[in-house]
Amino acid sequence: MLTSKVSRRGMVSAPHHLAAQAGLAVLREGGNAIEATVAAAATAAVVCPHRAGLGGDGMWIVHEPGRPPVSIDGSGAAGAQAEAPVWRTRGLSRVPAHGPEAACTVAGCVSGWQSALDLSARWGGRLPVARLLAEAIDHARDGVPVSHDQERCLRRLLGALKDQPGFSACFLDAQGRVPRAGTVRTAPALARTLALLGAEGLDGFYRGASGQALAADLKAVGALVSAGDLARHRPVRRRTLALTLGGDLAVVHVTPPPTQGLATAMILGLFQRAGVRGALDPAWARVLSEAAGVAGRIRDTRIADPRFMGVHAATYLSARVLDDLAAGLGLPQGTETGAAEGVRVGATEGDSLWIGVADGAGRVVSYAQGLGRGFGSGVVLPGTGVLWHGHGAAFSLDDDAPNPLTPGRKPPHPLAPALARLRDGRVMAVGCSGGLGTPLGLAAVFVRAALFGENVQAAVSAPRWRLEGDAGGRPAGVVAESRLDAAVIEEFSRHGQRVSVTEPFDESMGVAGAIVAHPEGTLEGAVDPRADGTVAAW
């Protein structure tokens, strides 16, 4: 029977057991939810290098009882030299997914950690940065076994990654082969960088000795991120985007643009308007997918760096707009909807991870950290050992596109953690990896847990599906785990969707997780069996 882990004093859900245990150790020492998240995230940067790293980005939602949730944008903008003509002169028609040309935006992850710790200090957070990074340093210096998740991801992407600067020396064995799961891997240069950050503080990643070393490394590999770009970077705290469901059933909070959090909230708002009767209605998954198609079109054409958006994101969550957009959902059987037409879709390849933390004081964190795709740009900086992300690949070299490559502009972002305050007093943090498929995967988990009343672990483990893209990223059908109910699969087919079936637990559906803080103090957590994680609690 699939049941959640429960405790009362503290809990961490993470897609790698060592990351979860690092966060729990901080909670046991009296640290708070933010401090534990930083410890877990730093450890994940070492033990899940295909999903996260110091050279990536991070997005936060922080819940504190009695206060509005806070969103922290720890993502970076394009460098001052990152102009479209540079790529065109190199014979490129788009920003590539891998290589120095993909490493064109600042890595904001570490700045997000610092912004969150500034908030933690208001709570009385007292643990030094060196302590929060200690387990990450130990694992990088002494070695950690390669996970099954990492091995699978590397085998799939090896052809694109093996010739990128520094990659083979860092991630392949001496014979240039993919290390098998269980092989111990060390990262001495990364351990030194983490130790330096522990000594000089996290701001040093941008304006200290660490930043100077990073800038020299970036220049050496030909990436268009400079010392000045690092020095100018700042994280951003914003209000969350909020949507009330079912009168006052729940208020769902998502991260604002440039993330695709808006798409998640729109899916839930549209789904509720479709009149699905519940989990026993085989139409529910199809309708949720149709809602994802509608929300995806808004995401692909409207979401951008908020400084460049003509319409505020909250407009798309208004009752009038959602009512209008929901008009075509839930059509009768036999009707081909084409709801996802024109929406970019595709499978995930170890793009990111989600960490949820709750402490004994009722504070809850929903945190997503990632590299853009498995192993990011594939560029490992030689002196610092930092793997740089590839979120810049989301830019277009077309000046008339919704998100053109522009110096100082942030790309549209896949990271999108969520948090909900439910009418009965529960606080639910939930997240899912999956790139462009994140909103659908996250919404599926939330609908099962919050709207259908399933146990949160059952909701995370339940069979999922994703929209399948063709070579151009256009929808070509539905890929469903073999455990998905036959009536649900038949419902897709009746509405013109080609359905292909994959393995029972397919990580291409994204890796999800959840933590629920109950009003009486009980904590409930779930982790996805599609990866190597655990819920650590006390």
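Structure shown above.
Cut-offs used in this document
- Residues numbered from 1 in each chain as written.
- Predicted model: local features only at pLDDT ≥ 70, side-chain atom pairs only at ≥ 80, totals over all residues.
- Heavy atoms only, no water.
- Phe/Tyr/Trp six-rings, centres within 6.5 Å; stacked < 30°, edge-to-face > 60°.
- Lys NZ or Arg CZ within 6 Å of the ring centre and 35° of its normal.
- Helix = DSSP H or I, 4+ residues; strand = E, 2+ residues; numbered from the N terminus.
- Contact = heavy atoms within 4.5 Å.
- Buried < 20%, exposed > 50% of the residue type's maximum accessible area, 1.4 Å probe, protein only.
- Pairing = 2+ DSSP bridges.
- Axes fitted to C-alpha atoms, helices over the stretch in contact; angles between N-to-C directions.
- Salt bridge = Lys/Arg side-chain N within 4 Å of Asp/Glu carboxyl O.
- Core = buried A, V, L, I, M, F, W, Y, C linked by side-chain atoms within 4.5 Å.
- Expected span 1.5 Å × (residues − 1).
- Parallel < 35°, antiparallel > 145°, perpendicular 65-115°, else oblique.
- Left-handed = near helix turned anticlockwise from the far one by under 90°.

## Some thoughts on the packing of aromatic side chains
Part 1: Evaluated as defined, the whole model comprises nine aromatic pairs.
Part 2: Put simply, the rings of Phe-271, Trp-284, Phe-452, Trp-465 and Phe-492 pair up and form one aromatic cluster.
Part 3: Lying over the aromatic face of Phe-308, Arg-409 brings its terminal NZ or CZ to 4.3 Å of the ring centre.
Part 4: A cation over a ring is seen here: Arg-483 above Phe-505, with NZ or CZ 3.8 Å from the ring centre.

## Quick look at the environment of Ser-115
Part 1: Counting through the fold element by element, Ser-115 comes out in helix α4 (residues 109-122).
Part 2: Dropping the residues within four chain positions of it, Ser-115 is found in contact with Ile-72, Pro-235 and Arg-237.

## Looking at the pairing of strand β13 (residues 427-432)
Part 1: For β13, the tally of buried residues reaches six of six residues, placing the bulk of the element in the interior.
Part 2: The alternating pattern of β13 places Val-427, Ala-429 and Gly-431 on one face and Met-428, Val-430 and Cys-432 on the opposite face, and all of these are buried.
Part 3: Across four bridges, the pairing between strand β12 (residues 418-422) and β13 is antiparallel. The residue bridging Ala-418 from the neighbouring strand is Val-430, located in β13.
Part 4: Following β12, the chain reverses through four residues before pairing antiparallel with β13; Gly-425 in that reversal takes a positive phi of roughly 100 degrees.

## Regarding the sheet that holds strand β11 (residues 364-370)
The pairing of strands in a sheet comes from backbone hydrogen bonds and takes either a parallel or an antiparallel form.
Part 1: Here seven strands make up an open sheet; going across it, the order is β7-β4-β3-β11-β10-β2-β19 and the pairing antiparallel. Bordering the open sheet on either side are β7 (236-239) and β19 (534-537), each of which pairs with just one other strand. Shown here is a sheet whose adjacent strand axes are inclined to one another by a mean of 15 degrees, direction ignored.
Part 2: In this structure, strand β4 (residues 70-74) lies alongside β7, joined through four bridges in antiparallel fashion. Paired with Asp-73 across the two strands is Val-236, which belongs to β7.

## A look at the pattern of salt bridges
Pairs can form between side chains of opposite charge whenever their charged atoms are close.
Part 1: All chains considered together, the criterion is met by 35 salt bridges.
Part 2: In this structure, the salt-bridge partner of Asp-229 is Arg-232, at a minimum N-O distance of 2.7 Å. A residue pair is termed a helical-turn pair when its members lie 3 or 4 positions apart in one helix, as Asp-229 and Arg-232 do in helix α12 (residues 227-232) at three residues.
Part 3: The class of Asp-229 is buried, set by a relative accessible area of 5%.
Part 4: The exposure class of Arg-232 is exposed, given its relative accessible area of 54%.
Part 5: In this structure, Asp-305 and Arg-307 form a salt bridge, with 2.7 Å as the shortest nitrogen-oxygen distance.
Part 6: What makes Asp-305 buried here is its relative accessible area of 1%.
Part 7: Judged by its relative accessible area of 57%, Arg-307 falls in the exposed class.

## Some details on the nonpolar core
Part 1: Formed by 69 residues in total, the largest nonpolar core has its most connected members in Leu-54, Trp-60, Trp-113 and Trp-388.
Part 2: Here this core gets 12 residues from one element, more than from any other, and that element is helix α2 (residues 33-47).
Part 3: Not counting chain neighbours up to four residues away, the residues in contact with Trp-113 comprise Val-38, Ala-41, Ala-42, Leu-54, Trp-60, Leu-133, Leu-202, Tyr-367 and Gln-369.

## Some points on helix α13 (residues 261-273)
Part 1: For α13, built from 13 residues, the straight-helix expectation of 18 Å at 1.5 Å per residue is met to within 8% by its first-to-last C-alpha distance of 19 Å.
Part 2: Within the span of α13, buried status applies to Gly-261, Leu-262, Ala-263, Thr-264, Ala-265, Met-266, Ile-267, Leu-268, Gly-269, Leu-270 and Phe-271.

## Quick word on the sheet that holds β13
Part 1: The sheet built from seven strands is open, its strands ordered β1-β18-β17-β13-β12-β9-β8 with antiparallel pairing. Strands at the two margins of the open sheet, each flanked by one partner only, are β1 (5-7) and β8 (241-245). Neighbour-to-neighbour, the strand axes of the sheet open up by a mean angle of 15 degrees, direction not taken into account.
Part 2: Strands in contact with α13 are β8 and β9 (250-254); relative to β8, the strand with the most contacts, it is inclined by about 15 degrees.
Part 3: Sitting on the sheet, helix α16 (residues 438-451) is in contact with β8, β9, β12, β13 and β17 (512-517), with an inclination near 145 degrees to β13.

## Here we look at the packing of α2 against α4
To describe two helices that pack against each other, one gives the angle between their axes and the distance between the axes.
Part 1: Between α2 and α4, whose axes approach to 9 Å, the crossing angle comes to 160 degrees. The pairing of α2 with α4 is recorded here as roughly antiparallel in orientation. For the pair α2 and α4, the sense of crossing is left-handed. Seen from α2, the contacting residues are Ile-34, Glu-35, Val-38, Ala-41 and Ala-42; seen from α4, they are Trp-113, Ala-116, Leu-117, Leu-119 and Ser-120.

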